[in-house]
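Coordinate inspection notes
Here is how the chains run, residue by residue.
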Amino acid sequence: MPQARLLSAWLLITSASLFTWVAAAGPQHGNFYIFPIDVKQSAPLSRPGRRLVAAAGKLDVDGSVRVGYFYAVLPLGTPPKLFDVIVDTGSTVTYVPCNDCEHCGTHNDLPFNPSQSPTSKWLSCNDQQCKQLDTYYCSTEEHPGQCAYRIAYAEQSTSEGRLVRDMFTFPDSQTKVPITFGCEDGESGEIYRQLPDGLVGMGNSAGAFHSQLAAAGAIPHVFSLCFGFPTGGAMLLGDAPVPSNPQYSWTRFSSSNFGDFYSVDVDQITFGNKTLDIPSYAFDTGYKTVLDSGTTFIYLVTPAYRQFAAAVAAAAAAAGLRETTDDYGDFCWSGAGPDFVDLDRYLPVASIKFAGNGTLKLPPYRYMFQLSQKGTYCMAVFDNHNDGSLIGGVATRNVLVKVSCRAMLQHDISGG
């Protein structure tokens, strides 16, 4: 049955201060855990990237916008076995391949084998947790009486399998917490082809990874994400303290949240010193505007996309950049220096302004991506027609995003 959504708020803080603090605090400090995020940039860019359809701690996160995803390392089972999992706030199920998976790809690690973990137990259809999410259902074929799940993504990849309850071990603390996650029987599309083993669901529901940890009393119901640029990053589980005097702003989540996603109300978008001429109703279309770490790029409803694309093209032309394209027909320009070192000389800072005066600043590296040809950049913003808008990982590089799933006196979003 549908699960009641959680009361949530987002906070964004400049990541330069975060990394200084992480180095000083270490992996565990007080009642929070810190999971570092490393970034590899050797893999080819996956375009158009994934996007959705439908106490504290720190975890390392690997990957990048060039790879198409960011992922953390989760220790699961007894003894703990490590799995690379994509960090996805647009999903509510955590899953890794099962040892008897009939159609799973070749990933970074060997599959999870429940028979080799004495603390492992299959989730029964009668368990109340089996009724938490719409993606859960009672298996009636190969494994009758066991709780199963199936998820489909917009780029047509899928994951399906059975639910198992086993131990998650916090790195460096050896604190163990029972969680429920998917043991995959089948994968397709990008999930089948990707190198990470699976996914950690950080969506807005009681079945999400962070919600299970909070329900077990392991952490306060707060988590934070920072995707680094060009490398590094962190996922913080719990109410981690932040550096003094950060630049930040806040926004309340939308009262009309769509599904189990984190929806926000957008008032306007600026490009340089110009406010784009976007109809006020545009951001009420479809699922409105969703913050989704599992989506690689930014997807805007058509009226907003056309205005943004026109502004980028005009600025690039005025700066003397040469228009080109890539294998996907994206809007690209060459003539700037490599690795974003001087791209801000050619293109201005954009901003997404949220309800309540919250602002997410977008310097060029948050709305452009670089091709393998150094100095050639393509727009990381795409037309999502009337489906709604998605703010993906590219937009929050070097930004700390904090999500509180508790009632708060303030509900804010900040950007640096």
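Residue numbers run consecutively from 1 along every chain, following the written order of its sequence. It should be noted that, the model being predicted, local features are given only for residues of pLDDT at least 70 and side-chain atom pairs only at 80 or more, the latter also being counted only at that level, while totals for whole chains, interfaces and linings use all residues. In computing side-chain values, all of the structure's heavy atoms are included and hydrogens and water are not.

1. Some thoughts on the overall build of the protein chain
In DSSP terms, a helix is any run of H or I states spanning at least four residues, a strand is any run of E spanning at least two, and both are numbered starting from the N terminus. Helix and strand counts for the protein chain come out as four helices and 31 strands. A buried classification covers 59% of the 416 residues belonging to the protein chain. Note on areas: Shrake-Rupley with a 1.4 Å probe; residue coverage comes only from the protein chains shown. Of the accessible surface of the protein chain, which amounts to about 16400 Å², a share of 51% is contributed by carbon and sulfur atoms. Here's how the labels work: a residue is buried when its accessible area is under 20% of the maximum for its type, exposed when over 50%, partly exposed in between, all with a 1.4 Å probe on protein chains only.

2. Quick notes on the environment of Phe83
When you line up the elements, Phe83 lands in strand β7 (residues 81-88). Residue contacts are counted whenever heavy atoms from the two residues lie within 4.5 Å of one another. When sequence neighbours within four positions are dropped, the list of residues in contact with Phe83 reads Ala72, Val73, Leu74, Leu76, Val96, Asp109, Leu110, Pro111, Phe112 and Asp197.

3. A word on the pattern of salt bridges
Should a side-chain nitrogen of Lys or Arg be within 4 Å of a carboxyl oxygen of Asp or Glu, the pair is scored as a salt bridge. Inspection of every chain in the model, using the stated rule, returns nine salt bridges. Among the salt bridges present, the one from Arg150 reaches Glu160, with a minimum N-O distance of 3.8 Å. In this pair, Arg150 is assigned in strand β11 (residues 147-152) and Glu160 in strand β12 (residues 158-169), connecting sequence segments ten residues apart. The partner of Asp265 in a salt bridge is Lys288, with the nearest N and O atoms 2.8 Å apart. Of this pair, Asp265 sits in the loop between β18 (262-264) and β19 (266-271) while Lys288 sits in the loop between β20 (274-275) and β21 (289-291); the two residues are 23 residues apart in sequence, bridging distant segments of the chain. Because the salt bridges share partners, they merge into one network encompassing Asp100, Arg162 and Asp185.

4. Quick look at the state of the cysteines
In plain terms, two cysteine sulfur atoms within 2.5 Å form what is called a disulfide here. Per the counting criterion, the structure on display carries five disulfides. Covalently, Cys130 is tied to Cys147 through a disulfide, its sulfur atoms 2.1 Å apart. Judged by the sign of its S-S torsion, about 95 degrees, the bond between Cys130 and Cys147 is right-handed. Remark: Cys147 occurs in strand β11 and Cys130 occurs in the loop between β9 (121-122) and β10 (136-138); sequence separation between them is 17 residues. With respect to burial, Cys130 and Cys147 carry one shared label: buried.

5. Topic: the sheet that holds strand β22 (residues 298-300)
A pair of strands counts as paired when DSSP detects no fewer than two bridges linking them. In spatial order, the strands read β18-β21-β30-β22-β29; together these five strands make up an open sheet with mixed pairing. Each edge of the open sheet carries a strand with a single partner, namely β18 and β29 (381-383). Each adjacent strand pair in this sheet contributes to an overall mean axis angle of 30 degrees, direction not counted. Where β22 and strand β30 (residues 389-391) come together, two bridges link them in antiparallel fashion. If you follow Tyr299 over to β30, its bridge partner there is Leu390. In the packing of helix α4 (residues 302-318) onto the sheet, contacts are made with β22 and β29, and the angle to β29 comes to roughly 135 degrees. Angles here are taken between N-to-C directions and fall from 0 to 180 degrees, while the axes themselves are lines fitted to C-alpha atoms, restricted in helices to the stretch in contact.

6. Focus: the nonpolar core
For this analysis, a nonpolar core means a set of buried residues of the types Ala, Val, Leu, Ile, Met, Phe, Trp, Tyr and Cys, connected via side-chain atoms within 4.5 Å. Residues Phe308, Tyr367 and Met368 are the most contacted members of the largest nonpolar core, which totals 90 residues. Among the elements that make up this core, the one with the highest residue count is α4 (eight residues). When near neighbours in sequence (up to four residues on either side) are disregarded, Met368 contacts Val312, Trp333, Phe340, Leu343, Leu347, Tyr377, Cys378, Met379, Ala380, Val394 and Arg397. Grouped together as the second largest cluster of nonpolar side chains are 13 residues, Tyr136, Cys147, Tyr149 and Ile151 included.

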